[in-house]
Amino acid sequence: MRRAGLVLALVLVAGTGSAASFDSIPRPKPRPALAWGALPAEAVAVRPAARPATVLARVMDGSRRARPEAVTGRGLDRSLRPVPRPSDLLAKLAAAGLGRQPSAVSTPRRGVVCGDPAIAGEMIAPIVSRVAGCGVARPVRVSAVDGVALSQPVTVDCATARALRSWVSNGIKPAVGRRGGGVASLRVFAHYVCRTRNNRKGAKISEHGRGHAVDIGAVTLRNGTSLTVLGGWKDPAQGRVLKQIHRAACGPFGTVLGPGADRFHQDHIHVDTARYRGGAYCR
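Residues numbered from 1 in each chain as written. Predicted model: local features only at pLDDT ≥ 70, side-chain atom pairs only at ≥ 80, totals over all residues. Heavy atoms only, no water.

Per an unreviewed UniProt entry, the recorded name for the chain is Extensin family protein, and the organism is Rhodovulum sulfidophilum.

Below you can see the structure in the form of structure tokens.
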């Protein structure tokens, strides 16, 4: 009986020790209750600081300046999205000292025009007229051809500018030769002007009104001498040169009119690039 009681006491003592040992094992702490979408501070990823505003954003006007919320927002709003390039970007960069003046890009190049290095001048804006038949779609203002200056720049189209250059190179210069040191300049009487032929009421629009014509009244030589159509056409020496110049225009130009044509051309040679079915009209 005493022996059975001793065994029972040992069992109770062993059981009590086992329970104590199990209670001493650390158990995982329960996860704290969080509101929807909330995270502990240590679980929040560190985001990079927003990039500073770009140069483009600084020079843009207020209507297109980068929005503050695009920099300070969260998530995808942190990314700086491309901003449309303003149409006046070059001007704004130039004002901020960050680029070239827009005039260095937009100003038409002066010098060679119509693809011919012997034609000096500049491209100009299209000429639009309220008068039907007048105007030039792609005009040029020519100041010299093949080294020969014009007394005033002529406004014509490129076909007429090329014909004028051909006439000077292959007709006027050879006709004058070395006389007076050669050709220095041409005296221009008329070029583009919206009018009727010979300024007559009810007549058709002149080729001058289309940028196709030039009137030359004299050839000036390097020694200062002028071969004038009005005073030299009937002169034995000057007349021979002037008539050779007149004939040389037939070919580059479709129409050539001089003192032998009518009373309207006694003081100049009219040349234009109008073409006719019968070929060039030279008088």
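Going through the model one piece at a time under the given rule, you end up with 3 disulfides. Each sulfur of the disulfide joining Cys-114 and Cys-158 lies 2.1 Å from the other. Every disulfide takes its handedness from the sign of the S-S torsion; for Cys-114 and Cys-158 that torsion is -85°, giving left-handed. Taken together, the positions of Cys-114 in the loop between strand S1 (111-113) and strand S2 (116-123) and Cys-158 in helix H6 (residues 158-176) put the pair 44 residues apart, joining distant regions of the chain. The disulfide partner of Cys-134 is Cys-194, and the gap between their sulfur atoms is 2.0 Å. The sign of the S-S torsion, about 85°, decides the handedness of the disulfide formed by Cys-134 and Cys-194: right-handed. Residue Cys-134 is found in the loop between strand S3 (127-128) and strand S4 (135-136), and its partner Cys-194 is found in the loop between strand S7 (183-190) and strand S8 (213-221); the two are separated by 60 residues along the sequence. Its relative accessible area of 12% is what places Cys-134 among the buried residues. Overall, Cys-194 belongs to the partly exposed group, its relative accessible area being 29%. (Disulfide = S-S within 2.5 Å. Helix = DSSP H or I, 4+ residues; strand = E, 2+ residues; numbered from the N terminus. Buried < 20%, exposed > 50% of the residue type's maximum accessible area, 1.4 Å probe, protein only.)

As a further point, take the layout of surface pockets. Estimated volume of the second largest pocket: approximately 390 Å³. Around the second largest pocket, the lining comprises 21 residues; the ones closest to its centre are Arg-197, Asn-198, Leu-257, His-265 and His-270. Of all the elements in the fold, those that place two or more residues in the lining of the second largest pocket are strand S10 (255-257) and strand S11 (269-272). Residue classes in the lining of the second largest pocket are distributed as 5 nonpolar, 8 polar and 8 charged. (1 Å grid on protein atoms, 1.4 Å probe; cavity = no way out; pocket = protein on both sides within 12 Å on 5 of 7 lines; lining within 4 Å. Points joined across faces, edges and corners; volume = space filled by probe spheres on them. Nonpolar A, V, L, I, M, F, W, Y, C, P; charged D, E, K, R; others polar.)

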